[in-house]
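Residues per chain are reported as follows:
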Amino acid sequence: QVQLAESGGGLVQAGGSLRLSCAASGLTFSSYCMAWFRQAPGKERDIVAAISRYGTSTYYADSVKGRFTISRDNAKNTVYLQLNSLKPEDTAVYYCAAEFYGGILTIRERYHYWGQGTQVTVSS
């Protein structure tokens, strides 16, 4: 079955950086649109970034543009999220998601496969 495993979360000071990884198995990775979502306590799970099958198209939420970068390595079945210039409001559980799709998907309900999440905490 499809499994997504996130790693790389942690505690960082404001202005710092983290790199999240999501290792996928049980799927033909290069056939899937991949995305990162995040959910803060008491809030909805919102999209952060998405990347198309071969990495030719990307999407970023306005709140992270210019600070976060999504990328993928299809040879390693892994998608990454580089988080720079972190702010306390970036604190959340970050989830990896996958969907069989040729383009970019930004709607949470369109993604069938999810990881367990990794906590990112940014202190001020």
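Fair warning: this is a prediction, and the values are worked out from it, not measured in the lab.

Colleague: How would you summarise the sheet that holds strand S8 (residues 78-83) if you had to cite specific residues and measurements?
Modeller: Strand pairing in a sheet relies on backbone hydrogen bonds, with the paired strands running either antiparallel or parallel. One open sheet holds the four strands; their spatial order is S1-S3-S8-S7, and the pairing between them is antiparallel. Two strands bound the open sheet, and with one partner strand each, they are strand S1 (3-7) and strand S7 (68-73). Ignoring which end each strand starts from, the neighbouring axes of this sheet average 15 degrees apart. Here strand S3 (residues 18-25) pairs with S8 via six bridges, running antiparallel.

Colleague: Hey, could you go over the packing of aromatic side chains for me, with residue numbers and the actual values?
Modeller: Tallied over the full model, the rule gives five aromatic pairs. Ring centres of Phe37 and Tyr111 lie 5.5 Å apart, and the angle between their planes is 75 degrees; on these two criteria the pair is classed as edge-to-face. On the criterion of sequence distance, the pair formed by Phe37 in strand S4 (residues 32-39) and Tyr111 in the loop between strand S9 (92-100) and strand S10 (113-114) is long-range, its members being 74 residues apart. A single burial state applies to Phe37 and to Tyr111, both of which are buried.

Each value, and the rule that gives it
- Residues numbered from 1 in each chain as written.
- Predicted model: local features only at pLDDT ≥ 70, side-chain atom pairs only at ≥ 80, totals over all residues.
- Heavy atoms only, no water.
- Pairing = 2+ DSSP bridges.
- Helix = DSSP H or I, 4+ residues; strand = E, 2+ residues; numbered from the N terminus.
- Axes fitted to C-alpha atoms, helices over the stretch in contact; angles between N-to-C directions.
- Phe/Tyr/Trp six-rings, centres within 6.5 Å; stacked < 30°, edge-to-face > 60°.
- Buried < 20%, exposed > 50% of the residue type's maximum accessible area, 1.4 Å probe, protein only.

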